[in-house]
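# Analysis of the macromolecular model
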Amino acid sequence: MFDIAWSTIKKRKGGFIAAFIAVFCGSAVVTACGVLLMSGLLSGVSPERYAGAAVMIGGNQSREVAQNFDPHYAERVTLPASLTAEVAEVPGVRAVVGDRTVGMSIADRKGRTLSLDHPLFGHGWASAALGPFTLAEGAEPRGEGEAVLDTALAGKAGVKVGDTVRLSVGTTPASYRVVGLAAPSKAGLSRQSAVFLTDARATQLSQRPDRLTAIGVLAEPGTDADALAGRIEKALAGSREPVAVHTGKQVGDLEFLDMGQSRGFLVALSASFGGTALAVVIFVVSSTLGLAVHQRRRELAMLRAIAASPRQIHSLIGSEILMVAAAGALLGAAPGFLIAGALRDAFASVGVLPGDFELSYNPAPAGAAVVLCVLGARLAGFIAAFRTARIQPVEALRESQSEPPRLGRVRLNVGRGLIVLGLAAAVVLPAVIPGQLAIAGAAGSLLILMFGCALIGPQLVKITAAMMAPLLRSFRISGYLAAANTSANSRRLSSAVVPLALGAAMALMQLSTLSTVEATAAKQAATGVVADYVLTSDSTGLSTELADSVRAVPGVATATPVARSQVMLNYLEVDKMAARPFSAEGIDPRGIGRTLDLDVREGGLDALTGDTVALSWMAADTAGLGIGDIADVNLGDGVRKKLKVVAVYGNGLGFGDVTLPHGMLTAHTTDRLDAALLVTASDTGDRDRVGKALAELAQRTPTLKVQQPDEFAAVQQGQFAQQSWTNLIANSLLLLYVLIAVVNTLVIATMARSREFAMLRLIGTSRRQTLRMMFLESWVVVVTAIVVGVLIAVPPTIGSSLAMTGQAMPHVDPLVWAGVGAFIAVLGWLSIALSTRSALRTRPIDAVYTGE
């Protein structure tokens, strides 16, 4: 059978080339998703400041969720300082070093905050042994006002031993005398800069004398690091707080918090995006193979007429598809690694991944992509050949000359059922079950609707052709031929319409959803900040004590500190526990009405004290919580709290879905700093005086700057813009794949009609009339695709808007929709027009005898 299949492939290159391209590109997309997933699970970065430690111990930075990926905490999970004594008793431990890490900024000789390429952290001198760092000049710090700088930092700041340097924690500066310069002995500092203070001063600045950032272990000579790590894990198994023991490259996750978060981001993204990508790939491959089999219906009917059994037809087509799909999937896997690298660079450019994040080029994703693509293609081929293989030979011969007038009852019912299911998922689900499940349902409904429309596609083409028939026939001969063709060959045209409609629907839904949420977030941020001035920092953040200083400024009525973090809301989703991260803010409710408007819909923010929480309507609906209910929350550093819901508000997109008391949130952040300070004057007459006083305060306070509310509102959208760009980048890859498939399908479908064109030429139709006929047919295809694409995109777009903003009317930019429609029209027309011209180059008499 493989010999016959190979002979058929060589004779019918056109259709098989289309299938090969679809599988090739699909394999590349699936491989890229797999590489991102494996990178999220396995990738890492080499340690720098902890490079000299045999074992490093840190807090468990992820929340364990049964039957799901473990999400990462946004803040540093610290350790009890008392653990050092327990670790020191483990056999093989030579020394135990506790490390405290404090975010800082440094000023140059002129007092201006120095702009560094990487963050600056302060540490106690004892932790220098973990580098290990050695003194290149000077001595170690011994007094509270002494510091040792790493050699690279000293060069950037232009200071030397004996100079005085100003270091700030938040907006609180202090002067230190540089008593030494230190250089790492094992690894350079490419991702950070380091300042070493006395251990007592580092403890004071960290504000947590009972907590450590990490614990480093120096081993006895000849001790195996992994074996020592195992003994330490066993010794700490009974600890009240879960710990994570790291060796080798794993230490990089502990040292650089952003690496663990980035890996968690990649796992979550690739898992959700990979499933969608696989569904789209199978859909496109099925459409392409369906067209290829449809073009061979005469040949397959002849085989049935000469006694080929249904099993033999399936075996033949299966062998052909297996050979083509295997070749396409194997060759397409290699470019998938390049695509993964391009995605990594794109994500890094918008700030969701570090620029030096390394992908894990494991062969497993390529193998999985090959298997999935081949199995998907084989299943698609079986479905495409099902009717031809099962019907009677005489009926097969009749259908090979003209398409069956009606679709099968089962196909129609399944298609209609999928459309009803898609509409329910898109619109009904957000109205009945709001929250994150509604968002997922609305997003997934697009593919369900597309599968349904694909099944009834020939009917949709017939309807469009019938509506356009009077217009087509006005073009006389060419129009008559175009109308007759579109009516008689609706199944063939449907294979061209479906991928084109999918491309239009994906583009419209993605762009409209992004613009809807962005517009809503912008409006909420703009109207929500009612303060006169906003104080922010261009470095690590604002010191929490700054609020009291600002309240003492004459004319200031209210100063509301705002802290930022991310928390996890734990709730029961369907039948299992879920832990979903939400952006969070911490505020002081005193005078909040004069600085911030969160659009409170239930309860009140004045009760936001103690163990309480306010939720956006989205978060509340997702977790099924209302006023007076108890929310199960993991704070930024993993500490679990049971909090009473005291308010539900509307402006979650602009400010965050979870609002906590200011003191509670900052106590569980890494740096314990504020993101902003909202200031309102006592009355309108005091506004200018307060503004001048704040400007003077900013001049003498490191990193402090004064913003107008509208400037701050624009900055508020930065985090959401990142998420928007992330979704846009990921979906752009799928859209590109669909567009390639569109061109591929249209070109092959048109080129396969070269014999038909030749017959028309031989019976008297001119070349110009044939071109015009195809031009008119292309508009039937384009109009059908655009109409179907719009109809498919509208319900998910409405559902997404309802689920994310609470408004059924999405933000639609007519120019964007018109642009997408124009692009789809030009793409479809060019694909058909250029391939028609190519098909007409062959002499008609030669084309007739080259086969069907």
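Use the structure listed above.
Our subject in this report is the structure included herewith. (Residues numbered from 1 in each chain as written. Predicted model: local features only at pLDDT ≥ 70, side-chain atom pairs only at ≥ 80, totals over all residues. Heavy atoms only, no water.)

### Considering the overall build of the chain
A tally of helices and strands in the chain yields 28 helices and 23 strands. Its C-alpha atoms give the chain principal-axis dimensions of about 100 × 75 × 50 Å. The burial tally for the chain puts 54% of its 852 residues in the buried class. For the chain, restricting intrachain contacts to residue pairs at least 6 apart in sequence, the fraction spanning at least 24 positions comes to 82%. (Helix = DSSP H or I, 4+ residues; strand = E, 2+ residues; numbered from the N terminus. Buried < 20%, exposed > 50% of the residue type's maximum accessible area, 1.4 Å probe, protein only. Contact = heavy atoms within 4.5 Å.)

### A look at the sheet that holds strand β1 (residues 55-59)
Judged by pairing direction, the sheet is antiparallel, and its four strands sit side by side in the order β3-β12-β1-β13 without closing on themselves. Where the open sheet ends on each side, the last strands, each with one partner, are β3 (93-99) and β13 (243-246). In this sheet, neighbouring strand axes are inclined to one another by 20° on average, regardless of whether the strands run parallel or antiparallel. One ladder, built from four bridges, connects β1 with β13; its direction is antiparallel. Residue Gly58 lies in a different strand from β13, and its bridge partner there is Ala244. Together, β1, β3, β12 (214-219) and β13 form the strand contacts of helix α6 (residues 225-235), whose direction differs from that of β1 by roughly 35°. (Pairing = 2+ DSSP bridges. Axes fitted to C-alpha atoms, helices over the stretch in contact; angles between N-to-C directions.)

### Looking at the nonpolar core
Leu502 and Tyr737 are the most contacted members of the largest nonpolar core, which totals 110 residues. Per-element accounting of this core gives the leading share, 13 residues, to helix α17 (residues 490-528). Beyond its immediate sequence surroundings of up to four residues, Leu502 is in contact with Val280, Phe283, Val284, Leu446, Leu447, Met450 and Val738. Among the nonpolar cores identified, the runner-up in size contains 30 residues, and Ala438, Ala620, Ala803 and Met804 belong to it. (Core = buried A, V, L, I, M, F, W, Y, C linked by side-chain atoms within 4.5 Å.)

### Quick look at the pattern of salt bridges
Evaluated as defined, the whole model comprises 19 salt bridges. Glu585 is paired through a salt bridge with Arg564; the nearest N and O atoms lie 3.1 Å apart. In this pair, Glu585 sits in strand β16 (residues 576-587) while Arg564 sits in strand β15 (residues 556-573), placing the two residues 21 residues apart along the sequence. Each of the salt bridges in this network shares a partner with another, and the network as a whole consists of Asp548, Arg551, Asp588 and Arg590. (Salt bridge = Lys/Arg side-chain N within 4 Å of Asp/Glu carboxyl O.)

### Observations concerning the packing of aromatic side chains
Applying the stated criterion to the full structure yields seven aromatic pairs. Seen from their ring centres, Phe775 and Trp779 are 6.2 Å apart, and the 80° between their planes marks the pair as edge-to-face. Remark: Trp779 and Phe775 occur in helix α26 (residues 767-805); sequence separation between them is four residues, near one turn of the helix. Their ring planes at 85° and their centres at 6.1 Å tell us that Phe775 and Trp829 sit as a pair that is edge-to-face. Note that Phe775 is positioned in helix α26 and Trp829 in helix α27 (residues 814-839), a separation of 54 residues in sequence. Through successive ring pairs, a cluster of aromatic residues spans Trp125, Phe133 and Phe196. Of note, Arg191 hangs over the ring of Phe256, and the distance from its end group to the ring centre comes to 4.6 Å. One cation-aromatic arrangement involves Arg687 over Tyr533; the distance from NZ or CZ to the ring centre is 4.8 Å. (Phe/Tyr/Trp six-rings, centres within 6.5 Å; stacked < 30°, edge-to-face > 60°. Lys NZ or Arg CZ within 6 Å of the ring centre and 35° of its normal.)

### Structural notes on a nonpolar patch on the surface
On the surface, a cluster of nonpolar side chains totalling about 510 Å² of accessible area is made up of Val427, Val428, Val432, Ile433, Leu437 and Val574. Position of Val428 among the secondary structure elements: in helix α13 (residues 409-432). (Patch = residues over 30% accessible without salt bridge, like charges linked within 9 Å, V, L, I, M, F, W, Y side chains within 5 Å. Areas by Shrake-Rupley, 256 points an atom, 1.4 Å probe, with all protein chains shown as cover.)

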